[in-house]
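Reading the structure
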Amino acid sequence: MLQVEHIGIAVKNLQESDNLFSKLLNISPYKHEEVESEFVMTSFFKIGTTKIELLEATNENSAIAKFIEKKGEGIHHIAYEVSDILAEMQRLKNEGFILLQETPKLGADNKLVCFLHPKSTNGVLIELCQERQ
Ligand code: ZN
């Protein structure tokens, strides 16, 4: 793994949270992006080499809506950047981690992504991401 690429935070209202995080971090989000397949709207802030990804559900079937219903707003996942997502998925599978995808899917920010089930990672949802070529 190369670095923590971003931290995903589930929020109820993206506009309000954009304002909050803009004040907190003293910068504006550099982009907004909808991931239609995941029913989420995202916004991204860049801090050094790491990013904060705010996630708002666009409908009630979104994993973000379910997360907020169960746990409230807060840290949703930690994303690690990898150089070879397929190799890393295989390595983690061999180590006994539970992958939520058999093949990487297209995530926000032009990334291929794969998630690890929190029950195999001390309750933390882990995202692997690799920049798409
Ligand atoms: Zn993410």
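Residues numbered from 1 in each chain as written. Predicted model: local features only at pLDDT ≥ 70, side-chain atom pairs only at ≥ 80, totals over all residues. Heavy atoms only, no water.

Looking at the element boundaries, S62 is found in the loop between β4 (50-57) and α2 (63-71). Owing to a relative accessible area of 0%, S62 belongs among the buried residues under this scheme. (Helix = DSSP H or I, 4+ residues; strand = E, 2+ residues; numbered from the N terminus. Buried < 20%, exposed > 50% of the residue type's maximum accessible area, 1.4 Å probe, protein only.)

Despite not being glycine, F39 shows a phi value in the positive range, around 55 degrees. Mapped onto the elements, F39 comes out in the loop between β2 (31-35) and β3 (40-47). In this structure, N122 is a non-glycine residue whose phi angle is positive, near 55 degrees. On the secondary structure map, N122 appears in the loop between β7 (111-116) and β8 (126-131).

Every protein donor of the zinc ion is listed here as H6 (NE2), E53 (OE), H77 (NE2) and E127 (OE), and their distances to the metal cover 2.1 to 2.3 Å. Considering all four donor atoms around the zinc ion, angles at the metal cover 84 to 171 degrees and the coordination shape is irregular. Mapped onto the sequence, the residues coordinating the zinc ion show the spacing H-x46-E-x23-H-x49-E. Of this pair, H77 sits in strand β5 (residues 74-81) while E127 is found in strand β8, placing the two residues 50 residues apart along the sequence. Like E127, H77 is buried. (Donors = N, O, S within 2.8 Å, 3.2 Å for Na, K, Ca; no water. Tetrahedral: all angles 85-135°; square planar, octahedral: opposite > 155°, others 65-115°.)

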